[in-house]
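Per-entry structural report
Given next are the chains, with one letter for each unit.
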Amino acid sequence: MLIKDCVHQTAAGGLSPWTFLSVAIRFRSPFAAVAGCLDICSYGIPGAIALVCTLTVLGDSFAYLFGIPIPGAAIGMMILVGLFAARGGPDQASAMVFDAATPYFPMFFVPAAVGVISSAEVVAAVWFQLVVAVVFGTAVTIVVTGIIAQVLLHKSFEDCEK
Amino acid sequence: MMDVIWQIQDHHLFGISVTLAAYALSSAIWNRLDKNAFFHPVLVSTLFVGALLIATDMPYESYFLQAEPLNLALGAIIVLLAVPFYRQMGVLRESAKPISCALVVGSVVALLSALAYSIAIGADQELIATIAPKSATTAVAVQLSERLGGIPSLTAVLVISTGIAGAVLGPPLLDAVAVTNPRARGFALGLAAHAIGTARAFQMSETAGVFASIGMILNALLMILLVPAVLGLVGA
């Protein structure tokens, strides 16, 4: 039941279990699929995208299974860092997909941001709080972080020189 | 005439094509304006798409359903943040201690300074969950807000506004408090104002840019742990 829920949840999240299945078929068993993730990178860009989607699915299922309130993709990212460490660096295909997508990252959140038109009432009611959070919060954060980072980094730099 | 409009709006690719076209147009405008932070393409294209939906009387829900693949790609992008994270590993190891100290202080300050006023006047949980993740990079912030019962679309707008505020206010503020070290300037910009702040830092220098991306990534990671914890405390 739990597993069924899990599959349903990830499918409802829009990512099909097919991505995992395709990896499983390629490597002949689900266990080998996990181990084979290290090598899937040699299947070029489709391989890199399949790996990334699979890790998102796994992360989401994991978070759902254990009721952890963090995005599954963040768990997927940590797994990927682990995979990179195991293989001694990012594979060419993943790096290529990342570098190609980087300049357009902001574009992907336009659909979510447009939703603000349906929360116009909330914005009208609490706009002052929002402005305080954005302007005051950001200014304080930059000043405090800048000062602390300067003191600490300067100190470590001096240590290096000695 | 209305029939044709409905036909177009019902097409599964309508949402994506409108979004991409609006973004391409906004990017062109932004380049013309010398990348002025106030005209960030996300802000402008959000206005374009929003205006189009209102003008054609299209419900947001049906637009979002069509544009969902773009939203899903956000998840893949977070996973891919492993690439820059791994690339900066050397710098991270070198100055692990000062960076982690500055990170913890900065992230806690970011969270508390954003929430202080709202908590003080007793805002409800939904609003706090919406505001809390705002200094994390959007992909992470939106998913956190969704998970914790906030309003993801409002969080997205807050994150972008935060980035713009940071990019505009950041450099003069850092000058005012005599933070001249490019590494510290970059780190502060990336931590407080994510990708938009990082872009601003890269305009200052390569070193500032690298430290900004470190600040952005580490802050996003720490927020994943901090935001649920702080919300738990506030809710209890």
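As the structure is a prediction and not an experimental result, all values here were calculated from the model.

**Topic: the overall build of chain A**
When helices and strands are tallied, chain A shows eight helices and zero strands. Each helix and strand of chain A, placed in order from N terminus to C terminus, yields the pattern α-α-α-α-α-α-α-α. For chain A, the proportion of its 162 residues judged to be buried stands at 47%. Considering only contacts within chain A whose residues lie at least 6 apart along the sequence, 51% involve residues at least 24 apart.

**Things to note about the layout of surface pockets**
Space left empty within the atom packing is revealed by a probe, the size of a water molecule, rolled over the atoms. Roughly 1,100 Å³ of internal volume is contained in the largest pocket. When residues of the lining of the largest pocket are traced back to their parent elements, those giving at least two are α6 (92–101) of chain A together with α2 (14–32), α4 (60–80), α5 (82–87), α9 (138–147), α10 (152–176), α11 (182–204) and α12 (206–235) of chain B. When residues of the lining of the largest pocket are assigned to their parent elements, the largest contribution, eight residues, is made by α11(B). Tallied by class, the residues present in the lining of the largest pocket amount to 26 nonpolar, 11 polar and five charged.

**Here's the deal with the interface of chain B and chain A**
Listed as interface residues are 89 residues of chain B and, on the opposing side, 75 residues of chain A. Between chain B and chain A the total buried area reaches about 6,900 Å² when both faces are included, carbon and sulfur atoms providing 82% of it. Of all residues in chain B, the largest losses of buried area upon contact with chain A belong to B:Val79, B:Tyr86 and B:Arg147, amounting jointly to 10% of the total for that side. At the junction of chain B with chain A, the criterion picks out one salt bridge.

**A closer look at the pattern of salt bridges**
Following the criterion strictly, the structure yields two salt bridges over all chains and no others. Among the salt bridges present, the one from A:Asp99 reaches B:Arg87, with a minimum N-O distance of 3.0 Å. One end of the pair, A:Asp99, is in helix α6; the other, B:Arg87, is in helix α5, on a second chain. Among the residues examined, A:Asp99 registers a relative accessible area of 39% and is labelled partly exposed.

**Concerning the nonpolar core**
Formed by 113 residues in total, the largest nonpolar core has its most connected members in B:Tyr63 and B:Phe187. Per-element accounting of this core gives the leading share, 17 residues, to α12(B). Lining this core are residues from two domains, each supplying at least three of them: domain 1 (2–72) and domain 2 (82–235) of chain B. When neighbours within four sequence positions are excluded, B:Tyr63 is seen to be in contact with A:Val110, A:Pro111, A:Val114, B:Gly15, B:Thr19, B:Val49, B:Leu53 and B:Met58.

**Let's talk about the packing of aromatic side chains**
Taken as a whole and assessed by the stated rule, the structure comprises six aromatic pairs over all chains. With a centroid separation of 5.7 Å and an interplanar angle of 80°, the aromatic rings of A:Phe128 and B:Tyr117 are classed as edge-to-face. A residue pair is termed interchain when its members come from two chains, as with A:Phe128 in helix α8 (residues 120–161) and B:Tyr117 in helix α7 (residues 96–120). We classify A:Phe128 as partly exposed; its relative accessible area is 44%. Each member of the aromatic cluster is reached from another via a ring pair, and the members are A:Trp127, A:Phe128 and B:Tyr117.

**Brief notes about α6(A)**
Listed in full, the buried residues belonging to α6(A) are A:Ala93, A:Ser94, A:Ala95, A:Val97, A:Phe98 and A:Ala101. The inward-facing, buried residues of α6(A) abut α4 (44–65) and α5 (72–87) of chain A together with α4 and α5 of chain B. N-cap assignment for α6(A): the residue whose side-chain oxygen lies 3.3 Å from the backbone N of A:Ala93 is A:Asp91.

**Brief notes about the confidence of the model for chain B**
For chain B, per-residue confidence averages 84 on the pLDDT scale, and 98% of positions sit at 70 or higher. Mean pLDDT in chain B bottoms out at helix α1 (residues 2–10) of chain B, which sits at 77, and peaks at α2(B), which reaches 93.

**As for unusual backbone geometry**
Residues and elements named next belong to chain B. Here the phi dihedral of Asp 57 falls at roughly 65°; this positive angle occurs in a residue that is not glycine. Positionally, Asp 57 belongs in the loop between α3 (41–56) and α4. Take Asp 57: its relative accessible area is 68%, and that puts it in the exposed class. The residue Ala 178 is not glycine, and still its phi comes out positive at about 60°. Among the secondary structure elements, Ala 178 is positioned in the loop between α10 and α11.

How each quantity is defined
- Residues numbered from 1 in each chain as written.
- Chains lettered and ligands numbered in written order.
- Predicted model: local features only at pLDDT ≥ 70, side-chain atom pairs only at ≥ 80, totals over all residues.
- Heavy atoms only, no water.
- Helix = DSSP H or I, 4+ residues; strand = E, 2+ residues; numbered from the N terminus.
- Buried < 20%, exposed > 50% of the residue type's maximum accessible area, 1.4 Å probe, protein only.
- Contact = heavy atoms within 4.5 Å.
- 1 Å grid on protein atoms, 1.4 Å probe; cavity = no way out; pocket = protein on both sides within 12 Å on 5 of 7 lines; lining within 4 Å.
- Points joined across faces, edges and corners; volume = space filled by probe spheres on them.
- Nonpolar A, V, L, I, M, F, W, Y, C, P; charged D, E, K, R; others polar.
- Buried area = accessible area lost by both parts, 1.4 Å probe.
- Salt bridge = Lys/Arg side-chain N within 4 Å of Asp/Glu carboxyl O.
- Core = buried A, V, L, I, M, F, W, Y, C linked by side-chain atoms within 4.5 Å.
- Domains from an automatic or database assignment.
- Phe/Tyr/Trp six-rings, centres within 6.5 Å; stacked < 30°, edge-to-face > 60°.
- Polar contact = N/O pair within 3.5 Å; in protein donor to acceptor, adjacent residues only side chain to side chain.
- pLDDT = per-residue confidence, 0-100.

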